[in-house]
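A structural walkthrough
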Amino acid sequence: MDPARKRRARLVVALTVAVTLAGALVYTSFSSSTEASTPSQVMRASEPGRSYELTGKVVDGSVAREGEALRFRIRDRTGSASVPVRYVGAVPDPFREGREVIVSGTLQAGTFVAERDSLVTKCPSKFTKEQER
Amino acid sequence: MAGVGAACLFVGLLCALYAVGAGLAGARSGRRELAVSGRRAIYCLAGLLVLAFAILEAAYLSSDFSFALVEESSSTDTPTFYKVTGMWSTQDGSLLLWVLLLSLFSSAVLFLTRKSLREITPYATAVLGVVAAFFLVLMVAWESPFDSIAAASVPPDGRGLNPLLRHPAMMIHPPMLYTGYVGFTIPFAFAVGALITRRTGADWIRATRRFALVAWTFLGTGILLGALWSYTELGWGGYWAWDPVENAALMPWLVGTAFLHSIIVQEKRGMLKVWNASLIVTTFVLALLGTFLVRSGILSSIHAFGASTIGPQFLVFIALVVIGSVVLIVSRLDSLRSEARLDSLVSREAFFLLNNLVLLAIALVILWGTFFPLISEALTGREASVGPPWFNALTTPLALVLVLLTGIGPVLAWRRATLAGVRRVLAVPVACAALLAVLLLVFTNAADSIPSFVMFVLVGFVVTVIVQEFWRGASARRSMTGEPFPRALGRLVARNRRRFGGYLVHVGMAVLFLGVAASSAFLKQRDVRLAPGQTVKVGDYEITYREPTAVLSDDREATGAPITLGATMVVRKDGGQTTVVRPARNFYPTRDPRKGVVSRYFEGEANSEVDVRWGLRRDLWTAVRPDISSLERPIAEADRRFADVGSSGLALIVGALLENYRKNPPPATFRVIVSPLVSWIWLGGALVVLGALVAAWPSPEARLRRVRSLYSARLGRELTQPHT
């Protein structure tokens, strides 16, 4: 093969590989992503078995332990619509009533059943000024 | 003093702007004295920022709460170490640290290149000035670290440093990362200078290569320290979570790794010029993006940052850098032609290119995943995100290919490798890897996880390739010079620092990957609720919760926590020897006035002090989450009855409550992790740093060569150009 054709063949192969990989990237990310929703959205949509990423604030006075599980309610960041959550697994250190959290799971019979260890607390750390004074 | 600090920043901004103007004017007009004054303006900037930094540090050390920043992030009872480092836990203070480091690095590189690269340096000075000016404007206009509190309302005490950040690694980690981010600004600035002046040879690379390597090392160390902090401080037991901010630091590191490899090709073969310029631009933009992500709050993460005022400014700056760089590269394409062509796909340059592509692919995957919430919202209107499983699934195969390339690339010949040559260098390593695979299959359960098994074999391959390189080099030297083997080895490394330092880095990365592969696939973890006396079995370990501990003002790590609740646990391995582990949890008081005086001690921040038993074979990691719900009623009662008791009285009351907890311990929640080979991650990281040091250390021969070439270059110039 003459060098020019060889280079073109290489380019075609490289581009094919790149496009395939990019396609895989886009496809897998959309198919395996979980949607972030507020409590009111989850309550409204409430498709059972569908996986959501619930974000909101932990309702004051709602945290209770029930054996292995932790029960609490998450409310909309603005507003009072809230959903009860049942969670098992590691609780991040900054978890507290009134804090913003993210937890993944499914809605089952009116309760949001969280996946194990999926709780993430947005910590008020670093670059924000603490609200409480 | 706050006024002086603010003035330093303002005058510093003027210096930076002057450096930009003088650099550009000097380059345009060819008047050297202008370019020199621009360089001196950068020195001046560094001096001013050192002064500003010193003023702020002095305020922290003396707990001067008239500085708003000190009041926010320190307090009189904060341990001294955390007073010193409290500055960079704040937005404004970390910006100051960023630009201070930038000015120091800039001064260093401009000093080192003061007698060379006369065409490029003035432009580089201007670029460095622009970057410094941007950060200074942010501080002068929006986020001043020198905001002060009016004398009348200076509080008696500060709010203290966030307890989560009270960890040695966390305090060294931000300066390391910033040093890395900032360090990549240097090659970027020189690349821009080289492009503008069309002096696109390898000169700018030689002048800044070492800075890029140092930046890369710091950034990598910073990332690793962040992982170590996560492992020992966050109480979840992992070292990597694909958190947006972790990703933000990893991306420039990956692209910087690609850059460090491909510049070798440009130096040796005069190829990949467009590629290298693009890579350093990308690295710098990703470093800016990392700095921006931490401050913008656009992505939610553990580092979550809340409202910040400087997000838009960052985006505008990043956009300008991208547009400017692309225009510059495109307009210079004609001077960026390769001096050579790729002769064969089986050559060192081809493998370097391949390694580059894999590194970029990993960076792209991470970029896509990190910004996926924004992409998804823009395309579908729904905010969705991808989790760690997605990142793991996509990066694992790429990481395997990368490790394989690490083994093959460096031993191939430049231009075109012959089959016989390949066979000669790879026969022994391939045989060793095959033997390792058989041994692993027969004696261990490594094949339970296919990716990990493949990784183990590849790591074996890479390590044997490199050991063989060391051995061959040293034997050849010994037979040539008659030196004894150890000395031949030492001299070999000393004479070829880049090459053998690079090999050490490769071994370190292989060891690190070994640790990641083993600990991610074979860790055993239990979350369990135990009453005193109960036992849990994790792997080969039987762990018994013997008794609770509760101490006042005496936490192990000296983070200043008033209350520490913990557990004493007895560990028995295979029914054999026993050890005692003591995980605990520190409670930091809140100043929330809505809480009762006693509740404040229990309802503030709380933070795990995990107990890690490090081992070469495996770590035993334990954390405890004490249940203080049984104390709720006595605490509420104490709140009512002792609402206005003094602090010594409070100590007594809290002491009594802790005694109550110790006497009637409720079950506590534990997390126990047995994680194999996790220490190898840190060992591998240390080896990488060592290798990078070897590679970056100037060798006497190289210095001599440099001096000679400088001299001959100047002589050449003087002979061809008439004096002006």
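Residues numbered from 1 in each chain as written. Chains lettered and ligands numbered in written order. Predicted model: local features only at pLDDT ≥ 70, side-chain atom pairs only at ≥ 80, totals over all residues. Heavy atoms only, no water.

This paragraph deals with the overall build of chain B. Broken down by element type, chain B carries 24 helices and 11 strands. By the compact-globule yardstick of 27 Å for 724 residues, chain B fits well, its C-alpha radius of gyration being 29 Å. When its C-alpha atoms are laid out on the principal axes, chain B stretches across 95 × 75 × 60 Å. Burial analysis of chain B (724 residues in total) assigns 58% to the buried set. Contacts in chain B between residues at least 24 apart in sequence constitute 75% of all its contacts with a sequence separation of at least 6. In the form shown here, chain B has an accessible surface area of approximately 30,100 Å², with 64% of it arising from carbon and sulfur atoms. Each charge class in chain B can be summarised by its mean position, and for the 68 positive and 47 negative side chains these summaries are 14 Å apart. (Helix = DSSP H or I, 4+ residues; strand = E, 2+ residues; numbered from the N terminus. Rg over C-alpha atoms; globule rule 2.2 N^0.38 Å. Buried < 20%, exposed > 50% of the residue type's maximum accessible area, 1.4 Å probe, protein only. Contact = heavy atoms within 4.5 Å. Areas by Shrake-Rupley, 256 points an atom, 1.4 Å probe, with all protein chains shown as cover. Lys, Arg positive; Asp, Glu negative; His and termini not counted. Charge placed at Lys NZ, Arg CZ, Asp CG, Glu CD.)

Our next topic: the overall build of chain A. Each helix and strand counted, chain A has two helices and eight strands in total. Mapped from its N terminus to its C terminus, chain A presents α and β elements in the order α-β-α-β-β-β-β-β-β-β. A burial count over chain A gives 41% of its 133 residues as buried. The contacts of chain A with a sequence gap of at least 6 include a subset with a gap of at least 24, amounting to 49%. Accessible surface, chain A: about 7,100 Å² in total, of which carbon and sulfur atoms supply 55%.

What follows covers the interface of chain B and chain A. Facing the 62 residues of chain B at the interface are 39 residues of chain A. Put simply, chain B and chain A have one salt bridge between them. The interface formed by chain B and chain A includes three residue pairs in polar contact (both at pLDDT 80 or more). Its residues assigned to classes, the side of chain B that touches chain A comprises 25 nonpolar, 18 polar and 19 charged. (Salt bridge = Lys/Arg side-chain N within 4 Å of Asp/Glu carboxyl O. Polar contact = N/O pair within 3.5 Å; in protein donor to acceptor, adjacent residues only side chain to side chain. Nonpolar A, V, L, I, M, F, W, Y, C, P; charged D, E, K, R; others polar.)

All right, on to the nonpolar core then. Soluble, globular proteins show a tendency: their nonpolar side chains are buried together. Residues and elements named next belong to chain B. Ranked by internal contacts, the top residues of the largest apolar core, which has 168 residues, are Leu96, Phe135, Leu136, Phe146, Phe190, Trp204 and Trp216. Discounting residues that sit within four places of it in the chain, phenylalanine 190 has contacts with Val109, Leu110, Thr113, Leu117, Ile120, Thr121, Ala124, Trp204 and Thr208. If you look at the next biggest cluster of nonpolar residues, it comprises 34 residues, including Val528, Phe587, Leu631 and Leu658. (Core = buried A, V, L, I, M, F, W, Y, C linked by side-chain atoms within 4.5 Å.)

Strand pairing in a sheet relies on backbone hydrogen bonds, with the paired strands running either antiparallel or parallel. Residues and elements named next belong to chain B. Taken together, four strands build an open sheet; the order of strands is 2-11-10-9 and the sheet is antiparallel. With one partner strand each, in any of the chains shown, strand 2 (524–530) and strand 9 (611–613) form the two edges of the open sheet. The average undirected angle you get between the axes of adjacent strands in this sheet is 15°. Here eight bridges tie strand 10 (residues 618–625) to strand 11 (residues 668–676), and the two strands are oriented antiparallel to one another. Bridge assignment links aspartate 619 to a residue of strand 11, and that residue is serine 675. (Pairing = 2+ DSSP bridges. Axes fitted to C-alpha atoms, helices over the stretch in contact; angles between N-to-C directions.)

The subject of this paragraph is a positive patch on the surface. On the surface, Arg32, Lys115, Arg118 and Arg714 of chain B cluster together into a patch of positive charge. With respect to the helices, strands and loops of the structure, arginine 118 of chain B is situated in the loop between helix 5 (91–112) and helix 6 (120–142). (Patch = residues over 30% accessible without salt bridge, like charges linked within 9 Å, V, L, I, M, F, W, Y side chains within 5 Å.)

Residues and elements named next belong to chain B. With the rule as written, the count across this model stands at 27 aromatic pairs over all chains. Pairing phenylalanine 134 with phenylalanine 135 gives two aromatic rings, centres 5.3 Å apart and planes at 75°, and the pair type is edge-to-face. Each member of the pair, phenylalanine 134 as well as phenylalanine 135, carries the same accessibility label: buried. With centroids separated by 5.3 Å and ring planes inclined at 90°, the aromatic side chains of phenylalanine 134 and phenylalanine 314 adopt a geometry described as edge-to-face. Of this pair, phenylalanine 134 sits in helix 6 while phenylalanine 314 sits in helix 12 (residues 311–331); the two residues are 180 residues apart in sequence, bridging distant segments of the chain. (Phe/Tyr/Trp six-rings, centres within 6.5 Å; stacked < 30°, edge-to-face > 60°.)

Before going further, it helps to spend a moment on the environment of proline 548 of chain B. Residue and element names in this part refer to chain B. Residue position: proline 548 is located in strand 4 (residues 541–552). Sequence spacing of proline 548 and arginine 582 is 34 residues, and the spatial spacing of their C-alpha atoms is 9.4 Å. If we ignore the near neighbours within four places in the chain, the residues touching proline 548 are Gly566, Ala567, Tyr661, Arg662 and Pro665.

Attention shifts here to the environment of valine 36 of chain B. Residues and elements named next belong to chain B. Mapping valine 36 onto the fold places it in helix 2 (residues 32–61). Residue classification places valine 36 among the buried positions, given a relative accessible area of 16%. Expressed as a C-alpha distance, the spacing of valine 36 and leucine 441, which sit 405 residues apart in the sequence, is 65 Å.

All names here are of chain B. Following both chains from N to C, one finds helix 15 (residues 388–408) and helix 17 (residues 450–481) inclined at 15°, their axes separated by 8 Å at the closest point. Considered as vectors, helix 15 and helix 17 are oriented roughly parallel to each other. Once helix 15 is placed against helix 17, the crossing between them reads as left-handed. In this structure, helix 15 contributes Thr396, Ala399, Leu400, Val403, Leu404, Thr406, Gly407 and Ile408 to the contact, and helix 17 contributes Pro451, Val454, Met455, Leu458, Val459, Phe461, Val462 and Val465. (Parallel < 35°, antiparallel > 145°, perpendicular 65-115°, else oblique. Left-handed = near helix turned anticlockwise from the far one by under 90°.)

Let us look at the pairing of strand 11 of chain B. Within strand 11 of chain B, nine of the nine residues are buried, which leaves it mostly tucked inside the rest of the structure. In strand 11 of chain B, alternate side chains face the same way, and those of Ala668, Phe670, Val672, Val674 and Pro676 of chain B on one face and Thr669, Arg671, Ile673 and Ser675 of chain B on the other are all buried.

Before going further, it helps to examine the domain arrangement of chain A. Taken domain by domain, chain A comprises domain 1 (1–33) and domain 2 (39–121). Computed over C-alpha atoms, the centres of domain 1 of chain A and domain 2 of chain A are 42 Å apart. (Domains from an automatic or database assignment.)

Our next topic: the pattern of salt bridges. Residue and element names in this part refer to chain B. Considering all chains together, one arrives at 19 salt bridges over all chains under this definition. A salt bridge links arginine 529 to aspartate 627; the nearest nitrogen and oxygen atoms lie 3.4 Å apart. A residue pair is termed long-range when its members are at least 10 positions apart, and arginine 529 in strand 2 and aspartate 627 in the loop between strand 10 and helix 21 (632–641) qualify at 98 residues. Look at aspartate 627 and you get buried, because its relative accessible area is 13%.

For residues with low pLDDT, the predicted coordinates do not support detailed interpretation. Overall, the predicted model of chain A reaches an average pLDDT of 79, with 89% of residues at or above 70. Per-residue pLDDT stays below 50 along residues 124–133 of chain A; that stretch engages in 29 contacts with residues further than four places along the chain or on separate chains. (pLDDT = per-residue confidence, 0-100.)

The next point concerns unusual backbone geometry. Residues and elements named next belong to chain B. Of note in the backbone geometry, serine 63 takes a positive phi value of approximately 45° without being a glycine. Its relative accessible area of 14% is what places serine 63 among the buried residues. Positive phi, normally seen in glycine, also occurs at arginine 198, with a value near 60°. Looking at where arginine 198 falls in the secondary structure, it is placed in the loop between helix 8 (185–196) and helix 9 (203–233).

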